Amino acid sequence: MNLLPESTTTWVPAILIIVGIVGIVVPVIPGLLVAVLGVLLWAYETGGSTAWTVFGICLAIYIVGVATQFLVPGKRLRQQGVKTSTLLLAVLLGIVGMFVIPIVGFFVGFVLGIFLVEQSRSRDRAQAWARTKHALKAIAMSMGIELCAGLLIAATWVIGVIAT
């Protein structure tokens, strides 16, 4: 039982993988998950041990990528004194900013949120700005890790398509 018409078994998963990778850079959708779901759809439609092995490899890349994405930057943030509650409040302010300032509002609100929370905690602007910069570097690192995992998933899938 196929979910897709026969002529679309490669390009529909390819679109999902591309949308997933774009979703990593433009955080609107869970990009890495969408990319893995694209590979799962392809493996289901293609069938065979090669396709399922490729999916297994991509799933392992996904798990390692997600774990690394949270462990490495999180450890660096804790070392710099930035708390998880700071990031959660910054995300909430980022969501508010998304509605107040179109396109860039989330990022402006997020940075402002980190700064304001750290400013209220330490009462020192220089320290609050330093922690804000560390949080932004950690977020960029997290996105970089996720993007690397997404590109590895895409490359693995391409090799799988060629092999089948």
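Residues numbered from 1 in each chain as written. Predicted model: local features only at pLDDT ≥ 70, side-chain atom pairs only at ≥ 80, totals over all residues. Heavy atoms only, no water.

Details of the nonpolar core
So, point 1. With 19 residues, the main nonpolar core has Ile17, Val39, Trp42, Ile153 and Trp157 as its most contacted residues.
So, point 2. Where this core is concerned, the elements lending two or more residues are α1 (11-25), α2 (31-46), α3 (49-80) and α6 (125-163).
So, point 3. Counting seven residues, the second largest nonpolar core, distinct from the first, contains Leu77, Val82, Phe110 and Ala135. (Core = buried A, V, L, I, M, F, W, Y, C linked by side-chain atoms within 4.5 Å. Buried < 20%, exposed > 50% of the residue type's maximum accessible area, 1.4 Å probe, protein only. Helix = DSSP H or I, 4+ residues; strand = E, 2+ residues; numbered from the N terminus.)

Focus: the pattern of salt bridges
So, point 1. Scanning all chains against the criterion turns up two salt bridges.
So, point 2. Residue Arg121 is joined to Glu118 by a salt bridge in which the shortest nitrogen-to-oxygen separation is 2.8 Å. Of the two residues, Arg121 and Glu118 are both situated in helix α5 (residues 105-122); the distance of three residues between them amounts to about one turn of the helix.
So, point 3. Two residues, Arg131 and Glu118, come together in a salt bridge whose shortest N-O distance is 3.0 Å. Highlighted residues: Arg131 in helix α6 and Glu118 in helix α5, separated in sequence by 13 residues. One exposure class covers both Arg131 and Glu118, and it is buried.
So, point 4. Taken together, the salt bridges that share partners define one network made up of Glu118, Arg121 and Arg131. (Salt bridge = Lys/Arg side-chain N within 4 Å of Asp/Glu carboxyl O.)

Looking at α6
So, point 1. Given a rise of 1.5 Å per residue, 39 residues ought to cover 57 Å, and the 57 Å separating the end C-alpha atoms of α6 matches this to within 8%.
So, point 2. Measuring from the backbone nitrogen of Ala126 back to the side-chain oxygen at the start of α6 gives 3.3 Å, which picks out Asp124 as the cap. (Expected span 1.5 Å × (residues − 1). Polar contact = N/O pair within 3.5 Å; in protein donor to acceptor, adjacent residues only side chain to side chain.)

Comments concerning the confidence of the model for the protein
Low pLDDT means the predicted coordinates in that region are not meant to be read closely.
So, point 1. Scored by pLDDT, the protein comes out at a mean of 85, with 95% of its residues at no less than 70.
So, point 2. Within the protein, no element has a lower average pLDDT than helix α4 (residues 84-100), which sits at 81, and none a higher one than α2, at 92. (pLDDT = per-residue confidence, 0-100.)

A few points about the packing of aromatic side chains
So, point 1. All told, the structure shown has three aromatic pairs when counted by the stated rule.
So, point 2. Seen in terms of ring centroids, Trp42 and Trp157 are 6.4 Å apart; in terms of plane orientation they differ by 85°. Their pairing is edge-to-face. Of the two residues, Trp42 is situated in helix α2 and Trp157 in helix α6; the sequence distance between them amounts to 115 residues.
So, point 3. According to the relative accessible area criterion, Trp157 is buried, its value standing at 8%.
So, point 4. Pairing Phe115 with Trp129 gives two aromatic rings, centres 6.3 Å apart and planes at 65°, and the pair type is edge-to-face. With Phe115 in helix α5 and Trp129 in helix α6, this residue pair connects regions lying 14 residues apart in the sequence. (Phe/Tyr/Trp six-rings, centres within 6.5 Å; stacked < 30°, edge-to-face > 60°.)

Topic: α3
So, point 1. Taking 1.5 Å of rise per residue, the 32 residues of α3 would be expected to cover 46 Å, and the 47 Å separating its terminal C-alpha atoms lies within 8% of that figure.
So, point 2. Here α3 has its buried residues at Ala51, Val54, Phe55, Cys58, Ile61, Gly65, Gln69, Pro73, Gly74 and Leu77.
So, point 3. Check the buried side of α3 and you find it contacts α2, α4 and α6.
So, point 4. Within two residues after α3, Gly81 carries a phi angle of roughly 90°, on the positive side. (Contact = heavy atoms within 4.5 Å.)

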